[in-house]
Amino acid sequence: MTQRPSTSRRIVLAAQAVGVPTRETFRVEDIALPALSEGQVLTRTLYCSADPGTRSRLSSGASYAPPLRIGDPIDGFAIGEVIESTNARFAVGDIVATGGGWAEHAIFPGRGYIQKIPHTRLPLSYWIGVLGVPGMTAWFGLKRVATLKPGDRVLVTSAAGPVGATAAQIARGLGASRVVGTASGADKAAWLRDEAKLDAVIDYKTTADLVADLKAASPDGYDVLFDNVGNAMIDAVIPLLRPGGRIVISGQLADYNTASTNVPGITNTRYFIASRLRMEGLVVFDDLKAFPAAQEELGAMIERGEMKVREQRYQGLEAAPQAFIDLFTDNAFGRRIIAIGAEAG
Ligand SMILES: NC(=O)c1ccc[n+]([C@@H]2O[C@H](COP(=O)([O-])OP(=O)(O)OC[C@H]3O[C@@H](n4cnc5c(N)ncnc54)[C@H](OP(=O)(O)O)[C@@H]3O)[C@@H](O)[C@H]2O)c1
């Protein structure tokens, strides 16, 4: 059994970010671990993740989640082992997914996101990736928001990321007739075509004519745009949507580092009338109660070899800021997983 430590380390916001965050945006802090109150759970972190949505909290004027203040811990998803519990639902030794963030230990306060991991047939880290929030975003974005139907032609942006790659493969599994993705770099394109079995991949960074390439990749247009990127991409795709087309706003990777006054607008709204288009965003936690059933189905897809998963590993708490910065600056791909309790899973 793991001993309960009296101190721990975590990463906090050192300075508000302007543009792409840097190492100076974050600092490591030593803390004392307090005694637990009734209903709380203390976990030892095994893995945590780097999530692009965190970016919107590192500056003022944040989106649906409030901005962090200087000195606030960086929250985010983590897999932990319960090492102390005053909550009847969790026992020492349980493995859980939580919002514990970039910390060696986390205290679950008694309410909020926590899920006991039901089995360990698949790698534990998948529970903060394909079976965690990214996978659930893909699942409910396509099934509930896009109401995906067999035969639909689907375009997924940032298709090599954990949300995008899962979405593209779910679309294929649900009978989409054409699945096209955007991603940058030859490695991602090769993986998306050869492993994830997309019909076409467009490098939005090197293309001479994005719209022409999108058209050529699906000459009859698209029924669904699953967008992770932001307004400029949505505006380019709207004219290519078929009657009854749906746009899922999952995320805004291209806009997170841009001041809100400089984010491009969406101008092609006239197509919404003639083509009866619909555009809707999602917050994945609205579907929290339905996670277990979706995780069961997604897990089965992985075990049948119908869902390929990419991870990029980082080692140690100090690596978390770099894992996060890399989301916006480098060309590596896969779910960014920071291993903290190295001997586990
Ligand atoms: N709505 C929800 O409840 C919810 C929940 C979780 C996540 N999300 C959102 O889902 C999206 C995808 O998340 P993820 O974890 O899978 O991350 P991700 O797609 O792996 O994000 C990193 C990738 O984004 C692309 N990218 C970075 N900067 C870009 C830019 N300026 N323009 C275009 N692409 C850029 C890069 O890939 P390429 O250059 O190869 O495309 C990069 O490798 C994010 O926007 C996230 O906020 C939403």
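Cut-off values and rules
- Residues numbered from 1 in each chain as written.
- Predicted model: local features only at pLDDT ≥ 70, side-chain atom pairs only at ≥ 80, totals over all residues.
- Heavy atoms only, no water.
- Domains from an automatic or database assignment.
- Contact = heavy atoms within 4.5 Å.
- Salt bridge = Lys/Arg side-chain N within 4 Å of Asp/Glu carboxyl O.
- Polar contact = N/O pair within 3.5 Å; in protein donor to acceptor, adjacent residues only side chain to side chain.
- Nonpolar A, V, L, I, M, F, W, Y, C, P; charged D, E, K, R; others polar.
- Pairing = 2+ DSSP bridges.
- Helix = DSSP H or I, 4+ residues; strand = E, 2+ residues; numbered from the N terminus.
- Axes fitted to C-alpha atoms, helices over the stretch in contact; angles between N-to-C directions.
- Near = heavy atom within 4 Å.
- Areas by Shrake-Rupley, 256 points an atom, 1.4 Å probe, with all protein chains shown as cover.

1. Brief notes about the domain arrangement of the protein
Line of reasoning, step 1. Domain boundaries assigned for the protein yield domain 1 (7-129 + 309-339) and domain 2 (133-284).
Line of reasoning, step 2. Measuring from the centre of the C-alpha atoms in domain 1 to the corresponding centre in domain 2 gives 28 Å.
Line of reasoning, step 3. Contact residues are listed per partner, giving 18 residues for domain 1 and 14 residues for domain 2.
Line of reasoning, step 4. Summed over the shared surface of domain 1 and domain 2, the result is zero salt bridges.
Line of reasoning, step 5. Our count for the domain 1 to domain 2 interface comes out at two residue pairs in polar contact (both at pLDDT 80 or more).
Line of reasoning, step 6. Of the residues contributing to the side of domain 1 that touches domain 2, the split by class is ten nonpolar, five polar and three charged.

2. Things to note about the sheet that holds strand S9 (residues 178-182)
Line of reasoning, step 1. Strand order in the open sheet formed by six strands is S10-S9-S8-S11-S12-S13, with parallel pairing between adjacent strands. Looking along the sheet, the strands with just one partner apiece sit at the ends: strand S10 (200-202) and strand S13 (278-281). Between one strand axis and the next, the sheet turns by 15° as a mean value, whatever way the strands run.
Line of reasoning, step 2. Strand direction decides the pairing type here: strand S8 (residues 153-156) and S9, joined by four bridges, are parallel.

3. Focus: the site of the ligand
Line of reasoning, step 1. In the vicinity of the ligand, 25 residues are found, and the nearest of them are Ser158, Ser184, Lys188, Tyr204 and Tyr256.
Line of reasoning, step 2. Here an oxygen atom of the ligand and a side-chain polar atom of Ser158 are 2.7 Å apart.
Line of reasoning, step 3. One of the side-chain nitrogen or oxygen atoms of Tyr204 is found 2.4 Å away from an oxygen atom of the ligand.
Line of reasoning, step 4. Alone, the ligand offers 920 Å² of accessible surface; in the complex the protein occludes 89% of this.
Line of reasoning, step 5. Breaking the shell around the ligand down by element, the ones donating at least two residues are helix H1 (133-145) and helix H2 (162-173).
Line of reasoning, step 6. A per-class count over the shell around the ligand returns 14 nonpolar, nine polar and two charged.
Line of reasoning, step 7. Two domains each put at least three residues into the shell around the ligand: domain 1 (7-129 + 309-339) and domain 2 (133-284).

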